[in-house]
Amino acid sequence: MNFPGDTDKQVRLLWKDPRNVGWREKVAYRWLLLHRPKIGLIRLRIFEGENMVADTGNVFDDTLKGGRLGVFCFSQVDFFKKIATITSGK
């Protein structure tokens, strides 16, 4: 499955892990999100225990002043489709 990253007026991909490392089953992950809307700074770090497994670095986008953060996992495509159907009312 090839995900282009953006869906017009719905979703915009700000960062993709260049290492393409997947999530491990039954492992707890911790997120640390830094968002400074005034300067357009967004940074997400994901940890497995004490080890940082992903870091977006500083991403600057002054169009996002708030909203929702989501992590998409391709192994959950069918689940994602069901959620999208429920939230869109279709």
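Here the structure is a predicted model, which means the values were calculated and not measured.

Now for the overall build of the protein chain. A tally of regular secondary structure across the protein chain gives one helix and four strands. A buried classification covers 17% of the 90 residues belonging to the protein chain. For the protein chain, restricting intrachain contacts to residue pairs at least 6 apart in sequence, the fraction spanning at least 24 positions comes to 32%. As displayed, the protein chain has an accessible area near 7800 Å², and 54% of this comes from carbon and sulfur atoms.

What follows covers the environment of Trp31. Positionally, Trp31 belongs in strand 1 (residues 30–36). Classification of Trp31 as partly exposed rests on a relative accessible area of 40%. Separated by 13 residues in sequence, Trp31 and Leu44 have C-alpha atoms that sit 7.0 Å apart.

With respect to the secondary-structure elements, Glu50 resides in the loop between strand 2 (41–48) and strand 3 (51–55). Glu50 gets classed as exposed once you look at its relative accessible area, which sits at 72%.

This next bit is on the pattern of salt bridges. On inspection of all chains with the given rule, the structure shows three salt bridges. Among the salt bridges present, the one from Arg19 reaches Asp17, with a minimum N-O distance of 3.3 Å. The class for Asp17 is buried, based on a relative accessible area of 15%. A salt bridge links Arg43 to Asp55; the nearest nitrogen and oxygen atoms lie 2.5 Å apart. Residue Arg43 is found in strand 2, and its partner Asp55 is found in strand 3; the two are separated by twelve residues along the sequence. You can call Arg43 partly exposed: its relative accessible area is 23%.

Counted according to the given criterion, the structure contains zero aromatic pairs. Lying over the aromatic face of Phe47, Arg30 brings its terminal NZ or CZ to 4.5 Å of the ring centre.

Model confidence for the protein chain is summarised by a mean pLDDT of 75, while 64% of its residues fall at 70 or above. Taken element by element, the protein chain is modelled with least confidence in helix 1 (residues 77–88), mean pLDDT 49, and with most confidence in strand 3, mean pLDDT 93. The model gives residues 82–90 a pLDDT under 50, and that stretch makes one contact with residues more than four places away or in other chains.

The rules we used
- Residues numbered from 1 in each chain as written.
- Predicted model: local features only at pLDDT ≥ 70, side-chain atom pairs only at ≥ 80, totals over all residues.
- Heavy atoms only, no water.
- Helix = DSSP H or I, 4+ residues; strand = E, 2+ residues; numbered from the N terminus.
- Buried < 20%, exposed > 50% of the residue type's maximum accessible area, 1.4 Å probe, protein only.
- Contact = heavy atoms within 4.5 Å.
- Areas by Shrake-Rupley, 256 points an atom, 1.4 Å probe, with all protein chains shown as cover.
- Salt bridge = Lys/Arg side-chain N within 4 Å of Asp/Glu carboxyl O.
- Phe/Tyr/Trp six-rings, centres within 6.5 Å; stacked < 30°, edge-to-face > 60°.
- Lys NZ or Arg CZ within 6 Å of the ring centre and 35° of its normal.
- pLDDT = per-residue confidence, 0-100.

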